[in-house]
Number of protein chains: 4
Amino acid sequence: MPRLAYLGPEGTFTEEALRLLDPTAERLPCANVPAALNAARSGEADGAVVPLENSIEGAITTTLDEFAWGEPLLITAELLLPVEFSLLARPGTEIAHIKRVYTHPAAITQCRAFVSRELPGAVVVAAPSTAAAAQEVSLPGSPYDAAIAARIAGEHYGLVELASRVGDRSDTVTRFVRVSRPCALPEPTGSDRTTLVVFLADDRPGALLAMLTEFSVRGVNLTRIESRPTGDGIGRYFFHFDFEGHVADARVGEAIAGLHRICGEVRFLGSYPRADGVAPVIKRGTADTEFAEAADWLERIRAGRV
Amino acid sequence: MPRLAYLGPEGTFTEEALRLLDPTAERLPCANVPAALNAARSGEADGAVVPLENSIEGAITTTLDEFAWGEPLLITAELLLPVEFSLLARPGTEIAHIKRVYTHPAAITQCRAFVSRELPGAVVVAAPSTAAAAQEVSLPGSPYDAAIAARIAGEHYGLVELASRVGDRSDTVTRFVRVSRPCALPEPTGSDRTTLVVFLADDRPGALLAMLTEFSVRGVNLTRIESRPTGDGIGRYFFHFDFEGHVADARVGEAIAGLHRICGEVRFLGSYPRADGVAPVIKRGTADTEFAEAADWLERIRAGRV
Amino acid sequence: MPRLAYLGPEGTFTEEALRLLDPTAERLPCANVPAALNAARSGEADGAVVPLENSIEGAITTTLDEFAWGEPLLITAELLLPVEFSLLARPGTEIAHIKRVYTHPAAITQCRAFVSRELPGAVVVAAPSTAAAAQEVSLPGSPYDAAIAARIAGEHYGLVELASRVGDRSDTVTRFVRVSRPCALPEPTGSDRTTLVVFLADDRPGALLAMLTEFSVRGVNLTRIESRPTGDGIGRYFFHFDFEGHVADARVGEAIAGLHRICGEVRFLGSYPRADGVAPVIKRGTADTEFAEAADWLERIRAGRV
Amino acid sequence: MPRLAYLGPEGTFTEEALRLLDPTAERLPCANVPAALNAARSGEADGAVVPLENSIEGAITTTLDEFAWGEPLLITAELLLPVEFSLLARPGTEIAHIKRVYTHPAAITQCRAFVSRELPGAVVVAAPSTAAAAQEVSLPGSPYDAAIAARIAGEHYGLVELASRVGDRSDTVTRFVRVSRPCALPEPTGSDRTTLVVFLADDRPGALLAMLTEFSVRGVNLTRIESRPTGDGIGRYFFHFDFEGHVADARVGEAIAGLHRICGEVRFLGSYPRADGVAPVIKRGTADTEFAEAADWLERIRAGRV
C-alpha cells in the first residue's frame, strides 16, 4: 500500500484526485505543493499528487516551478477532476444570514455569479485553500459564516452543504498528476502524454519556433505550452510542454533528442497514460514501423548497399 | 492632471510604478486589478496602472485575463520596477521577537532565505497584497508582528523598516503597464513593443506554429508568450504575445493582419515605447522602406508594367 | 489579326499549339526560341508561342533562360498539347527499308521502344527539331529515310505517315505559352497560374526554404520549381516558380511582394488562365475577402479603435 | 588499373575530367551518357565518368534521369573542370575562310560573342558533342570548316587551334562525377557532399517545403536542387538534391531517414569528397558528438534515469 503525499489539508480537491488515482493509498496531507513534492523526494512518501492546471485558472505555477527547479520527479499518471464547489457552513447556519464567506481566490473568481446573486451583501475573503477555508469555518468562533469548497471538505470538517454546484461554469476541470522519484516509466498504452521542461541556451529570436519545429517535423502534437520566468529578468523564460505520445515512441524520442541538442537543457518529466484516452493521429511517416524501416534503410545505404 | 486607478491600497509597488510613470497624476487606489481596470473603463479614472508580470512569479494572470475578456483597453506605457522588499513593523518591535509575519504569497516565495536565516521560528501568513499586509500590521492589536512589503508601504502606514532588501535575489523586477480606454496610439519611437491576445478558431495541431510563422516570416521577434485557458476545458488555450515593434511598422502590421486572417480572434492591446529602450534588429527585407518599395513594385506588375 | 512568332519551321508541335491558342493568328516561324521571342520583343510580331516544358523531357531551358535574362515579356496564355509522334517518310518508302531515322533528341528518348521493336537495325540521328527532321527527309537525296515528328510536319512537307503514336508513352504532353510585350494582364478567372523568376541576393543557406515559406504562409501552392545556373559558377542558381492564383489575388500579391523584399530580384512573368481549369484550394484565412477584412481591422487598430 | 567508361569520343571534356580524376585508368569511350553508365553497370567497366551539370547550361538531364531511373550506381568522386573552348580546324585553314562551324549546342550558346565578332558570316551547326564535331571536322571532305571544342579534342583529331578561350565567359565550369556499382562509400573527409533523388508519394501541396524542413531542422545545407518530370504529366516532378555532409554524419543520416519516412522513395546516390574542399558550417546542436550525447540522454530517460 503506497503512501502518497498531497496538497492538504484533508478535504481538498487534491485529496479527491488522490482517492480516484489510488483508492487504497495511505494519504499524507501536506501544507503546500512543495511540501508534498518534497515528501516524495525524501522518501517520506512513495509519491505525491498535486494539481498541475485548472481549466479556468490555468497553470498551478508553484507546481510548474517545482518540477523545473527542484530535485527531479517523474509524472506517472494524470487525472482530470471536475471541480464542483459547494457552499458549506456550520450546522444551523441559514443562507440568508451569511455575511462573511471564506474561500480560495480561484473559487472567488469562479463563483462570482452565485455570490452576487444569492449572497448579495456578503464579503468574500481569500483563504490559502478551499479546504483550509472549510477547516477555519468549522471552528467555533470563526469570523466566517461559510466556506466555498469541495463537498468532501464539508464532510471532513462537519459542515452542512447549503448549496451545491455554485461555480459559474459547470464544466470546470482540474488536472492532477501523480509523481514519483525517478523510476521505470509506465508502459506505452497508445494514448499517452509526455511532459518536458526546456531551458533555452540563449534568448535568440526564433528559439521557440525552432523548438516547435522539432516537434512538428516528427508529427508530434503539442497539447500544452507554458512559459515561466527563469528569474533572470523580464523577457527570459523557460517552457513547459505537454505533447502527445510516449518517449518510447520513435517520433517522440527523436523530437526530444532534437530539443536536447539545440536547447540549453531539457528536463524530462514523464510519459504516462492520458486521462482522456485520446489516441494521437499518427502523421504519415512517423509511426514506429516507419522509423524502424528508415533506420534499416539508412544502415544499408551507409554500407553502400543501395 | 490625469486621474489614474491602480492596484492599491496605498503603498503597493503598483503605486510606486504609477508615481514613476506619471508623477503628477491623481491616484485612485483600488482593491484589485479588475477594479482598477474597471475604473479606467467606466471613466471614473482616465487610465490605470497594473502589474503584468514579475521576473520571479511570472504573469499576473488576473491582468492577462482582464485584458483578454473585459472591455477593451489599450496599453500606452510600460515600466520595469525593481522589487525591493523590506521587513516592516510597528515602532518598538524588535526583530528577535517577531513570531508572525504577514505578506503576499509572492513575497513568501521570494524572501524564503531571509526568513529562514533571520526569523527562524516565525510563521509566515499569506496576505492579499504586500501593502495590505503592511496596513494590517499597522493596526493596534494586529495578530501579526511584521510585514514584508515595499518601503513605500511602511512610510504610508507608519511602520519602521527593520531590514531592507530581504528578497533572495537582488534583481527581481516587476513589469507594470499603464492602460487607457481606446485612444490614439503612442507614436512609434524606434524602440516599441506591441501586445496582442489571440484566440484560436479551432484547436488544430500546428496552430501555434502557424502563428509564430506569421511573425517570423516578417522578421518580427516575440518577447513574451503566455498561454491561458479559455475556460472550455483542459487543453484549450488562448495566447498573449508581446513582440518588438509598433503596429504602425509595416512588418508588424502585416504580421498581425496575417494572424487576424488565420485565427479566430485577435485583440490588439497596444503599441508603446519599450521601457528598456532596446531597438529591434530589422531583418533584411522587413524595413518600412522595403515594404513600401515592394508595394510599388506589386502595383506596377499588376498593371502589366514589368 | 495578330501576328505570332513561333518555334519553327512549319510543322512543329509549337505551330500546332499556336493554331490551338489562336486559330486566326498570322504565323511567323522562327529558327529557334530566342528568335521567336525577339520577334515579339522587337514588334516584328505581336507575340510569340514557345514550349516551356515537356512531361518527359522537362524544362525547355532555352525558354527559361530567355525569360530570365532577355528583355521582359509577359505570359498571357498556356496550352497543354499531347505530343504524338509519327514515323514519316517520303512517299514510296517501306518501313522495312528504313535504315537512317532523323529526329530531335527528345523524340529519340521518347520513341526508343518503337524504334528497337519496329526498326531494329536503324540508326537514329539527332536533328535540331522534329520539324526540321521532316523537312530534311522531304528533300530529294536526303541521307535519311524517315523522320519522327508531328503528323502536322508530315502534312507540311509532303511526307507519308508510316506509323502513328510511336512514342513509348501515350500521355506525353508539352506545355506551351503565349507571350507578349508587357501589357495589361489577363483578368483573373478563378483558375489562374502565375510565373516568376527569382534571383537570390546571396547564397545563404536557407534561402530556398525562406522563399517557399513566403508562399506557404499565404496559402499559395507551387506547381513548378526549376533551378537554373546563374552562370557565376557551380552552386549558384536562380529559380523559376509557377504557382496557383493570379497576381491580382491578395494572397499572391502579398507572397510575391514578400519575395521581392527578401530576394535579390524578382521578375514577374505573368498571370494567366490555367490550361487545365483546376481551381485552387483557398486555405482558410487567405481569400481576398479575408485579406480585405484584415486590412480594415488593421486600419482600425492603428487608429486606436479597438 | 581500373577501366572507366566515359562520354566519348576521345577528346571530350569528359575525357579530360577522367584523366584528372584517375590518370592511370584505362579509358573506355562511349557514345553517350547512358552507354557509359551501362558499361559501369554491366561490369564491362569498373566505373564511369559523366558530366552532371555546367555552370552555364545547367543540369545534364540525361545524367540526372539515368541516375534516377536506371540500375543504381554510386557517385564516389566529383571534379570541377573549367571549360575552355578552342576554335579548331584542319591544318592550313585560315580563320577568314571559315564559313561553317560545327559544335555542340551548349558551345553555340557559350561562344556566341566570339562567333559574331570573329566569324561574322559563319553558319554554326549543332553537333552531338564538341568532340564529335572535332572528329567530323578532321575528316577530309567534311562540310564543316572548323569545330569549337576542347583543345584536347584538337590534339586527338589532328586539328590546329586557331583561337583559344573563345567562350563568352572565362569562368565556365562543368561538374563531373565518377560512379561505380554499389560499393563501400568513400570515407568522410570533413568536406563531403551527398546526392539523393526523391520521389514524392503524392503531389500534396507543401511536399517540397516538408522536404526542405527535414534538412534545415538538422542543419543540413542544400547545395543543389533540380526538379525533373516523372513522366506522368505536367506538374509531376521528382527531385535531385545535393547537400553538405556525408551520410555517415549523424545529422545527414537523420535528415535523409526523415525524407525516407515522409516521401515515396528516396534513392541514395552517394557521399563523396567535395571538389572545392569547402567544409560545412556545423550548426549548433548538429555535430556528431551532440547527436551521440542526445542519444545517450534519450536512452537514460527512457530507462527512467532522469
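None of these values were measured; they are calculated from a predicted model. (Residues numbered from 1 in each chain as written. Chains lettered and ligands numbered in written order. Predicted model: local features only at pLDDT ≥ 70, side-chain atom pairs only at ≥ 80, totals over all residues.)

On to the interface of chain C and chain B. Between chain C and chain B, the residue contacts involve 32 residues of the former and 32 residues of the latter. Looking at the side of chain C that touches chain B, the elements with two or more residues in it are helix H8 (207–216), helix H9 (250–262) and helix H10 (288–302) of chain C. In terms of residue count, the dominant contributor to the side of chain C that touches chain B is H10 of chain C (eight residues). Broken down by class, the residue content of the side of chain C that touches chain B amounts to 20 nonpolar, six polar and six charged. (Contact = placed C-beta atoms within 7 Å. Helix = DSSP H or I, 4+ residues; strand = E, 2+ residues; numbered from the N terminus. Nonpolar A, V, L, I, M, F, W, Y, C, P; charged D, E, K, R; others polar.)

This part covers the arrangement of the chains. Contact between chain A and chain C is absent, and the least distance between their C-alpha atoms amounts to 13 Å. Over all C-alpha pairs, chain B and chain D never come within contact, reaching a minimum spacing of 13 Å.

Residue and element names in this part refer to chain A. Partitioning chain A into structural domains gives domain 1 (1–82 + 172–183), domain 2 (85–164) and domain 3 (185–306). In this structure, domain 1 and domain 2 have C-alpha centres spaced 24 Å apart. Across the contact, twelve residues belong to domain 1 and 15 residues belong to domain 2. Tallying contributions element by element places helix H1 (residues 13–21) first for the side of domain 1 that touches domain 2, with three residues. Looking at the side of domain 1 that touches domain 2 residue by residue, the class counts come to three nonpolar, five polar and four charged. (Domains from an automatic or database assignment.)

Contacts between chain A and chain D engage 32 residues on the former and 32 residues on the latter. If you list the elements that add at least two residues to the side of chain A that touches chain D, you get helix H8 (207–217), helix H9 (250–262) and helix H10 (288–302) of chain A. When grouped by side-chain class, the residues that make up the side of chain A that touches chain D number 20 nonpolar, six polar and six charged.

This part covers the pairing of strand E7 (residues 100–103) of chain D. All names here are of chain D. Bridge analysis of E7 against strand E8 (residues 123–126) gives four bridges, and the strand direction is parallel. The residue bridging Val101 from the neighbouring strand is Val124, located in E8. In terms of strand pairing, E7 meets strand E9 (residues 146–150) through two bridges, oriented parallel. For Tyr102, the partnering residue across the bridge sits in E9 and is Ala147. (Pairing = 2+ DSSP bridges.)

It is worth spelling out the relation of the copies chain A and chain D at this point. After a rotation of 180° and a shift along the axis of 0.0 Å, chain A superposes on chain D with an RMSD of 0.1 Å. Both chain copies can therefore be described as sitting about a two-fold axis. When each C-alpha of chain A is compared by its distance to the rotation axis, Val217 of chain A comes out closest, at 4.0 Å. The share of interface residues of chain A whose copies in chain D are also at the interface is 100%, consistent with both copies meeting through the same surface. (Least-squares fit on C-alpha atoms with pLDDT ≥ 70 in both.)

What follows covers the relation of the copies chain C and chain B. Rotating chain C by 180° about the axis while translating it 0.0 Å along that axis superimposes it on chain B, leaving an RMSD of 0.1 Å. Interface overlap between copies: 100% of the residues of chain C at the interface are likewise at the interface in chain B, consistent with a symmetric, same-surface contact.

What follows is about the packing of H8 of chain C against H9 of chain C. Residue and element names in this part refer to chain C. Taken N-terminus to C-terminus, the directions of H8 and H9 make an angle of 155°; their axes are 8 Å apart at the nearest point. Taken together, the axes of H8 and H9 lie roughly antiparallel to each other. In terms of crossing hand, the pair formed by H8 and H9 is right-handed. For the pair H8 and H9, the contacting residues are Ala210, Met211, Glu214 and Phe215 in the first and Ala255, Gly258, Leu259 and Ile262 in the second. (Axes fitted to C-alpha atoms, helices over the stretch in contact; angles between N-to-C directions. Parallel < 35°, antiparallel > 145°, perpendicular 65-115°, else oblique. Left-handed = near helix turned anticlockwise from the far one by under 90°.)

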